[in-house]
Amino acid sequence: QVQLVESGGGLVQAGGSLRISCAASGRTFYAMGWFRRAPGKEREFVAAINLSGVGTRYADSVKGRFTISRDNDKNTVSLQMDSLKPEDTAVYYCAGALRAWGPGDFRAWGQGTQVTVSS
């Protein structure tokens, strides 16, 4: 059974940092990524990383502030978030993709972890 479990969310002040992680079980994904849903908004792509860990993609809104990484030995993916802004407040979802890594290719989802950035 495939399962993705996020951890590490919380409350942080603007300009601060937070690291969230996701542990996958049941299979190794070709790509893993992070999406977020802010209150009253649709879910949006944040970042993705391919199987080798060399290829990464970021939304323009987080480029230069967020860093995605993965540990294939532990089957985990992490998102280091620096210079956080109040508009980064959202529920962050870990996701896995089997064959490709466009935003529409992610079909496995975690339950989400809340990140709140206070101004």
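Residues numbered from 1 in each chain as written. Predicted model: local features only at pLDDT ≥ 70, side-chain atom pairs only at ≥ 80, totals over all residues. Heavy atoms only, no water.

(A) Region of the structure containing the nonpolar core. Counting residues in hydrophobic clusters, the biggest one holds 36 residues, and the most contacted among them are Met 32, Trp 34, Leu 79, Met 81 and Tyr 92. Among the elements of the structure, strand 3 (18-25), strand 4 (31-37), strand 5 (44-50), strand 7 (66-71), strand 8 (76-81), strand 9 (90-97), strand 10 (106-109) and strand 11 (113-118) are those that each provide at least two residues to this core. Aside from chain neighbours lying at most four places away, what touches Tyr 92 is Glu 6, Ile 20, Trp 34, Phe 35, Arg 36, Val 46, Phe 66, Leu 79, Met 81, Gly 112, Thr 113 and Val 115. (Core = buried A, V, L, I, M, F, W, Y, C linked by side-chain atoms within 4.5 Å. Buried < 20%, exposed > 50% of the residue type's maximum accessible area, 1.4 Å probe, protein only. Helix = DSSP H or I, 4+ residues; strand = E, 2+ residues; numbered from the N terminus. Contact = heavy atoms within 4.5 Å.)

(B) Molecular detail of the packing of aromatic side chains. Applying the stated criterion across every chain yields a total of 3 aromatic pairs. With a centroid separation of 5.6 Å and an interplanar angle of 75°, the aromatic rings of Phe 35 and Phe 45 are classed as edge-to-face. Highlighted residues: Phe 35 in strand 4 and Phe 45 in strand 5, separated in sequence by 10 residues. Like Phe 45, Phe 35 is buried. Aromatic side chains Phe 35 and Phe 106 sit 5.4 Å apart centroid to centroid with 70° between the ring planes, which places their arrangement in the edge-to-face category. (Phe/Tyr/Trp six-rings, centres within 6.5 Å; stacked < 30°, edge-to-face > 60°.)

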